[in-house]
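This is what each chain is made of:
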Amino acid sequence: MKRQIFAPEHDAFRETVRAFLAREVLPYYEQWEKDGIVSRDAWRAAGKQGLLGLAVPEEYGGGGTADFRYSAVLAEEFTRAGAPGLALGLHNDIIGPYLTSLATEEQKRRWLPGFCDGSTITAIAMTEPGAGSDLQGIKTHAEDRGDHWVLNGSKTFISNGILADLVIVVARTTPEGGARGLSLLVVERGMDGFERGRNLDKIGQKAQDTAELFFTDVRVPKANLLGELNGAFVHLMTNLAQERLSIAVSAIAAAEHLLEITTDYVKEREAFGRPLATKQHIRFEVAEMATECAVTRTFLDRCITDHSDGTLDAVHASMAKWWATELQKRVADRCLQLHGGYGYMSEYPVAKAFTDGRIQTIYGGTTEIMKEIIGRSLLG
Ligand SMILES: Cc1cc2nc3c(=O)[nH]c(=O)nc-3n(C[C@H](O)[C@H](O)[C@H](O)COP(=O)(O)OP(=O)(O)OC[C@H]3O[C@@H](n4cnc5c(N)ncnc54)[C@H](O)[C@@H]3O)c2cc1C
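Residues numbered from 1 in each chain as written. Predicted model: local features only at pLDDT ≥ 70, side-chain atom pairs only at ≥ 80, totals over all residues. Heavy atoms only, no water.

Below, the discussion takes up the overall build of the protein. Across its full length, the protein holds 10 helices and 10 strands. The C-alpha atoms of the protein give a radius of gyration of 21 Å, which matches the 21 Å a tight globule of 380 residues would have. Seen along its three principal axes, the alpha-carbon backbone of the protein occupies a region of about 80 × 50 × 40 Å. Across the 380 residues in the protein, those meeting the buried criterion constitute 52%. Pairs at least 24 residues apart make up 74% of the contacts formed inside the protein by residues separated by at least 6 positions. Computed over 42 positive and 51 negative side-chain charges, the inter-centroid distance for the protein is 3 Å. (Helix = DSSP H or I, 4+ residues; strand = E, 2+ residues; numbered from the N terminus. Rg over C-alpha atoms; globule rule 2.2 N^0.38 Å. Buried < 20%, exposed > 50% of the residue type's maximum accessible area, 1.4 Å probe, protein only. Contact = heavy atoms within 4.5 Å. Lys, Arg positive; Asp, Glu negative; His and termini not counted. Charge placed at Lys NZ, Arg CZ, Asp CG, Glu CD.)

Another aspect to go through is helix H5 (residues 105-117). At 3.6 residues per turn, the α-helix brings residues three or four places apart onto the same side. In this model H5 runs 18 Å from its N-terminal to its C-terminal C-alpha over 13 residues, within 8% of the 18 Å that 1.5 Å per residue would give. Of all bends in H5, the biggest is about 35°, found at Trp111, and the proline Pro113 comes one to four residues later. For H5, the complete set of buried residues consists of Gln107, Lys108, Trp111, Leu112, Gly114, Phe115 and Cys116. Tucked inside the fold, the buried residues of H5 contact helix H2 (40-48), helix H4 (88-102), strand S1 (122-125), strand S4 (166-172), strand S5 (182-188) and strand S8 (225-226). Looking one or two places after H5, you find Gly118, whose phi comes out positive at around 90°. (Expected span 1.5 Å × (residues − 1). Bend = angle between axes of the 7 residues up to and from the residue.)

This part covers the domain arrangement of the protein. The domains assigned to the protein are domain 1 (8-120), domain 2 (123-230) and domain 3 (234-379). Taking the mean C-alpha position of each, domain 1 and domain 2 sit 23 Å from one another. Counting from both sides, the interface comprises 24 residues of domain 1 and, opposite them, 24 residues of domain 2. For the pair domain 1 and domain 2, the summed buried area comes to about 2,000 Å², and 64% of that belongs to carbon and sulfur atoms. Taken as a group, Ile37, Arg40 and Trp111 account for 25% of the area that domain 1 buries against domain 2, more than any other trio of residues on that side. There are 2 salt bridges connecting domain 1 and domain 2. In this structure, the salt-bridge partner of Asp165 is Arg40, at a minimum N-O distance of 2.6 Å. Where domain 1 meets domain 2, there are 10 residue pairs in polar contact (both at pLDDT 80 or more). (Domains from an automatic or database assignment. Buried area = accessible area lost by both parts, 1.4 Å probe. Salt bridge = Lys/Arg side-chain N within 4 Å of Asp/Glu carboxyl O. Polar contact = N/O pair within 3.5 Å; in protein donor to acceptor, adjacent residues only side chain to side chain.)

Within the UniProt annotation, "domain: Acyl-CoA dehydrogenase/oxidase N-terminal" (unreviewed entry) is assigned to residues 8-118. Strand forms 0% of residues 8-118 and helix 70%; the C-alpha atoms that close the span are 27 Å apart. (UniProt positions renumbered as here; feature names shortened; annotations may be inferred.)

Okay, structure coming up:
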């Protein structure tokens with residue numbers, strides 16, 4: 001089915017992203033995977049190319065568009081290229097909205113120009129060793145000392161954790177407040193007592209720096225409170241819909257790409273004197289995956305346009321997230337199987353897609369939590 005959501009300007013943007021990947025990312029990607037981290041130069045180059053801050057108003061150096069289709073194009077092309085390490089989607093679609101919608105004018109002037117030119121790499125730190133799905137368990141806390149907060153605690157699994165210059169930290173500011181006692185504090189590189197732990201050794205997304213963060217008596221100025229005091233939970237609930245859609249967009253793109261690679265492979269690979277593609281079992285596998293991808297694509301494209309129009313709700317974003325990422329996981333597994341032993345070799349794109357993609361059903365809210373959200377909306 002021909003996709004109907006894009007106009008010529010989105011197609012032109014897609015060409016720009018492809019050229020950027022070919023020039024600034026793919027030649028270095030293998031080295032970044034060995035290093036466990038991407039180069040800061042790539043972030044600068046992305047800023048120069050206009051790929052950062054797509055939704056940030058132009059007066060702060062951004063692209064000034066609320067059209068989520070541009071973000072979708074970016075996510076799709078990075079996924080197809082197998083380059084999740086340079087986490088532009090995390091920066092633009094997940095962290096960007098917190099800064100554009102919650103920051104004061106003074107904060108916007110301080111943070112957004114660097115956000116858009118690639119000199120300020122960002123992260124968001126919710127998860128702790130003892131609190132992932134259940135954010136009410138967050139223990140990192142900040143004490144009010146008049147003109148500043150004193151922040152103590154630790155976070156784990158933080159994407160961009162090593163490179164980040166600006167980290168939005170979810171911290172408890174009211175001890176007895178439960179979910180209503182959490183606030184968003186912006187911690188910046190160089191603040192005394194802010195330290196990074198290990199760059200964590202993952203099974204996939206090897207070029208992405210995912211780290212532990214430690215805060216020991218970090219003096220965070222009151223001017224770095226983002227949004228409402230004790231308002232973090234509401235802010236997170238508002239912004240997580242876009243995060244989930246963004247992950248879903250990359251998931252369906254990954255599944256489609258895996259199917260393309262595998263279709264080509266089974267046409268070429270021969271067994272028992274004929275191409276694999278002639279065997280009924282293989283044909284049915286491909287037919288089933290193609291059908292599931294096509295049905296999912298239709299739903300996802302509708303979610304993308306709804307989100308661009310401002311009408312996508314949290315429940316449909318959760319549906320998109322769990323469904324598309326579980327599809328990606330199934331497709332990756334079946335495509336790897338159809339590659340036989342070659343599918344298990346790291347040099348084959350299907351192997352990398354299998355390990356890179358495995359996290360998708362976990363971060364941004366697990367499949368189980370997505371179903372909880374949907375169930376609660378239907379059953380109370
Ligand atoms: C590569 C990577 C990058 C990440 N990036 C970030 C980041 O940038 N920022 C950040 O804050 N976090 C990040 N995370 C953390 C991620 O969001 C959490 O791992 C995720 O939310 C799950 O939390 P958890 O690991 O504590 O698992 P748990 O919450 O302990 O869950 C374990 C299992 O129990 C299930 N479970 C939990 N509660 C329920 C329930 N009520 N009903 C049924 N099942 C349930 C879960 O679905 C899961 O299967 C990242 C993680 C990874 C691995």
